[in-house]
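# Residue-level structural notes
For reference, the chains in residue letters:
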Amino acid sequence: MGTVKFNTAAEAHLKLDQQKCRACEERVCLQVCPAGNYEENEADPREIVLSWEGCLECGTCRLACPHGAIEWNYPVGGKGVCYRYG
Ligand code: SF4
Ligand code: SF4
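Everything in this summary refers to the structure shown in the same document. (Residues numbered from 1 in each chain as written. Chains lettered and ligands numbered in written order. Predicted model: local features only at pLDDT ≥ 70, side-chain atom pairs only at ≥ 80, totals over all residues. Heavy atoms only, no water.)

### Quick notes on the overall build of the protein
Scanning the protein for helices and strands turns up three helices and six strands. With the principal axes as the frame, the protein shows a C-alpha extent of 40 × 25 × 25 Å. For the protein, buried positions account for 31% of its 86 residues. Expressed as a percentage of contacts within the protein between residues at least 6 apart in sequence, the contacts between residues at least 24 apart total 65%. Summing over all exposed atoms, the protein offers an accessible surface of approximately 5,600 Å²; the carbon and sulfur share of this is 49%. (Helix = DSSP H or I, 4+ residues; strand = E, 2+ residues; numbered from the N terminus. Buried < 20%, exposed > 50% of the residue type's maximum accessible area, 1.4 Å probe, protein only. Contact = heavy atoms within 4.5 Å. Areas by Shrake-Rupley, 256 points an atom, 1.4 Å probe, with all protein chains shown as cover.)

So, in structure tokens, the structure goes:
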């Protein structure tokens, strides 16, 4: 993680359907994201907080979510993660 930089876009490129998250039992997003970008809201654990600003654009969460709750796009206009070594 120390070798990547982020050029953060103004708008989120990942969006969650919180209704699906509230009903979700598996909650695999909490386990699969290599950057740990998914967390339960401390004040309301059925809600998922997504820190899209630190996204590595690997696509794992989109494939892993069993309920299709993640609207996944690449960041706009060359924004997002920048890998310095390939
Ligand atoms: S993103 Fe998918 S896996 Fe994560 S809580 Fe929502 S529905 Fe469940
Ligand atoms: S695309 Fe990868 S790094 Fe980004 S939020 Fe999903 S699992 Fe995490």
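What follows picks up the thread again.
### Remarks on the packing of aromatic side chains
Under the definition given, this model contains one aromatic pair. Relative to Tyr74, the ring of Trp72 has its centre 4.9 Å away and its plane inclined at 85°; by these criteria the two rings are edge-to-face. Since its relative accessible area comes to 10%, Trp72 is described here as buried. (Phe/Tyr/Trp six-rings, centres within 6.5 Å; stacked < 30°, edge-to-face > 60°.)

### Side note on the pairing of strand β3 (residues 38–41)
Bridge count between β3 and strand β4 (residues 44–50): four bridges; the pairing is antiparallel. Looking across to β4, one finds that Glu40 is bridged to Ile48. The hairpin turn running from β3 into β4, its antiparallel successor, is two residues long. (Pairing = 2+ DSSP bridges.)

### Concerning the site of ligand 1
Around ligand 1 lies a shell formed by Leu16, Cys21, Cys24, Val28, Cys29, Ile48, Cys65, Pro66, His67, Ala69 and Ile70. Because more than half of its atoms lie within 2 Å of the grid, ligand 1 is assigned to the largest cavity. A per-class count over the shell around ligand 1 returns 10 nonpolar, one polar and no charged. (Near = heavy atom within 4 Å. 1 Å grid on protein atoms, 1.4 Å probe; cavity = no way out; pocket = protein on both sides within 12 Å on 5 of 7 lines; lining within 4 Å. Sits in = over half its atoms within 2 Å of the grid points. Nonpolar A, V, L, I, M, F, W, Y, C, P; charged D, E, K, R; others polar.)

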